[in-house]
Amino acid sequence: GAVVSQHPSRVICKSGTSVKIECRSLDFQATTMFWYRQFPKKSLMLMATSNEGSKATYEQGVEKDKFLINHASLTLSTLTVTSAHPEDSSFYICSASGEAYEQYFGPGTRLTVT
Amino acid sequence: EDQVTQSPEALRLQEGESSSLNCSYTVSGLRGLFWYRQDPGKGPEFLFTLYSAGEEKEKERLKATLTKKESFLHITAPKPEDSATYLCAVFMDTGRRALTFGSGTRLQVQP
């Protein structure tokens with residue numbers, strides 16, 4: 001099956017610093033990757049959609065200058081949370097989609113900003 | 001407005017007690033409906049894709065069905081390891097590849 005990895009799985013950072021999260025599709029080429037945020041006991045909230053080599057499309061209300069997304073290759077996308085604050089603490093999940101419509105999700109990254 | 005609604009929010013079953021989870025949708029141009037399973041602290045795990053009304057798919061104790069208004073995830077003789085949150089999501093004919101998720105059903109199967 002399609003495997004998507006995320007790194008790191010957990011990260012703790014201080015307020016004001018930046019954090020980068022990597023998302024990789026291990027056994028297929030992902031033409032599109034997605035970044036979601038999930039609050040406790042809530043469903044997934046789409047933050048942005050990125051296509052390889054193109055600028056990401058952000059959902060309404062998501063600050064593009066705060067959440068920088070890069071999709072440099074067909075197997076790698078990164079999300080950088082810039083100048084993180086405690087309210088950015090959350091569970092961030094990426095997903096990847098190839099030629100078909102199915103999205104395969106990574107294991108998630110727990111970000112805690114102190 | 002496009003909507004995906006899952007019910008019930010939470011369900012507690014005894015081991016072996018079969019039941020169904022519901023995902024109803026009011027969307028225009030449905031291209032596909034997906035079911036995922038999510039364990040606490042983990043990303044969603046892909047279960048099924050359904051593309052057209054009348055389609056059914058099975059995997060072990062799970063069976064997913066689709067009509068023009070809703071999808072059911074039937075769980076036959078569940079085991080404690082089936083405890084998880086089950087999410088449905090729709091893919092629409094909008095040119096966007098993003099999915100619209102329901103809020104999920106938290107299933108607990110007691111031994």
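Described in the following lines is the structure provided in the data block. (Residues numbered from 1 in each chain as written. Chains lettered and ligands numbered in written order. Predicted model: local features only at pLDDT ≥ 70, side-chain atom pairs only at ≥ 80, totals over all residues. Heavy atoms only, no water.)

All names here are of chain B. As for its position among the elements, Glu 45 is in strand S5 (residues 45–50). You can call Glu 45 partly exposed: its relative accessible area is 37%. Spatially, the C-alpha atom of Glu 45 lies 19 Å from that of Ser 20, the residues being 25 residues apart in sequence. The residues touching Glu 45, leaving out its near neighbours within four places in the chain, are Trp 35, Tyr 36, Arg 37 and Lys 59. (Helix = DSSP H or I, 4+ residues; strand = E, 2+ residues; numbered from the N terminus. Buried < 20%, exposed > 50% of the residue type's maximum accessible area, 1.4 Å probe, protein only. Contact = heavy atoms within 4.5 Å.)

The next point concerns the sheet that holds strand S3 (residues 19–25) of chain A. All names here are of chain A. Strand order in the open sheet formed by 4 strands is S1-S3-S8-S7, with antiparallel pairing between adjacent strands. What marks the edges here is a single partner per strand, and that holds for strand S1 (4–7) and strand S7 (67–73). Across this sheet, the average inter-strand angle for adjacent strands is 15°, counted without regard to direction. (Pairing = 2+ DSSP bridges. Axes fitted to C-alpha atoms, helices over the stretch in contact; angles between N-to-C directions.)

In this structure the tally under the stated criterion is 6 salt bridges over all chains. We note a salt bridge from Glu22(A) to Arg24(A), for which the minimum N-O separation is 3.4 Å. On the basis of relative accessibility, which here comes to 25%, the residue Glu22(A) falls in the partly exposed class. Residues Glu55(B) and Lys57(B) are paired through a salt bridge, measuring 3.7 Å at the closest nitrogen-oxygen approach. Classification of Lys57(B) by relative accessible area gives partly exposed; the value is 30%. (Salt bridge = Lys/Arg side-chain N within 4 Å of Asp/Glu carboxyl O.)

Here we take up the nonpolar core. In terms of nonpolar packing, the biggest core is built from 25 residues, with Trp35(A), Tyr58(A), Phe67(A), Ile69(A), Leu79(A), Tyr92(A) and Leu111(A) touching the most fellow members. Setting aside residues up to four positions removed in sequence, Tyr58(A) forms contacts with Met47(A), Ala48(A), Lys64(A), Phe67(A), Leu68(A) and Ile69(A). Of all hydrophobic cores here, the second largest spans 24 residues; its members include Val27(B), Phe48(B), Leu66(B) and Ile75(B). (Core = buried A, V, L, I, M, F, W, Y, C linked by side-chain atoms within 4.5 Å.)

Turning our attention to the packing of aromatic side chains. This model, assessed by the stated rule, comprises 10 aromatic pairs over all chains. Between Phe67(A) and Tyr92(A) the ring centres are 6.3 Å apart and the planes differ by 45°, which places this aromatic pair in the tilted class. A residue pair is termed long-range when its members are at least 10 positions apart, and Phe67(A) in strand S7 and Tyr92(A) in strand S9 (residues 90–97) qualify at 25 residues. Since its relative accessible area comes to 0%, Tyr92(A) is described here as buried. Three or more aromatic residues joined by ring pairs make a cluster, and in this case those are Phe28(A), Tyr36(A), Tyr104(A), Phe105(A), Phe34(B), Tyr36(B), Phe46(B) and Phe101(B). (Phe/Tyr/Trp six-rings, centres within 6.5 Å; stacked < 30°, edge-to-face > 60°.)

Below, the discussion takes up the side chain of Thr49(B). By the secondary structure assignment, Thr49(B) is in strand S5. The class of Thr49(B) is buried, set by a relative accessible area of 2%. In this structure the side chain of Thr49(B) is engaged in a polar contact, spanning 3.1 Å, whose partner is the side chain of Glu102(A). Once you skip the residues sitting within four places of it in the chain, Thr49(B) turns out to touch Glu102(A), Leu33(B), Phe34(B), Glu55(B) and Lys57(B). (Polar contact = N/O pair within 3.5 Å; in protein donor to acceptor, adjacent residues only side chain to side chain.)

Okay, the sheet that holds strand S1 (residues 3–7) of chain B next. Residue and element names in this part refer to chain B. The sheet built from 5 strands is open, its strands ordered S1-S3-S8-S7-S6 with antiparallel pairing. The sheet is open, and its two edges are formed by S1 and strand S6 (56–59), each paired on a single side. Recorded for the sheet is a direction-independent mean angle of 15° between the axes of neighbouring strands. Bridge count between S6 and strand S7 (residues 62–66): 4 bridges; the pairing is antiparallel. Considered in S7, the bridge of Lys 59 is made with Leu 62.

Turning to the pairing of strand S3 (residues 19–26) of chain B, a few remarks are in order. Residue and element names in this part refer to chain B. Of the pairings in the sheet, the one linking S1 to S3 comprises 5 bridges and is antiparallel in character. Each bridged residue has a counterpart across the sheet, and for Gln 3 the counterpart in S3 is Thr 26. Taken together, the 6 bridges between S3 and strand S8 (residues 70–75) define a ladder with antiparallel strand orientation. What sits directly across from Cys 23, in S8, is Ser 71.

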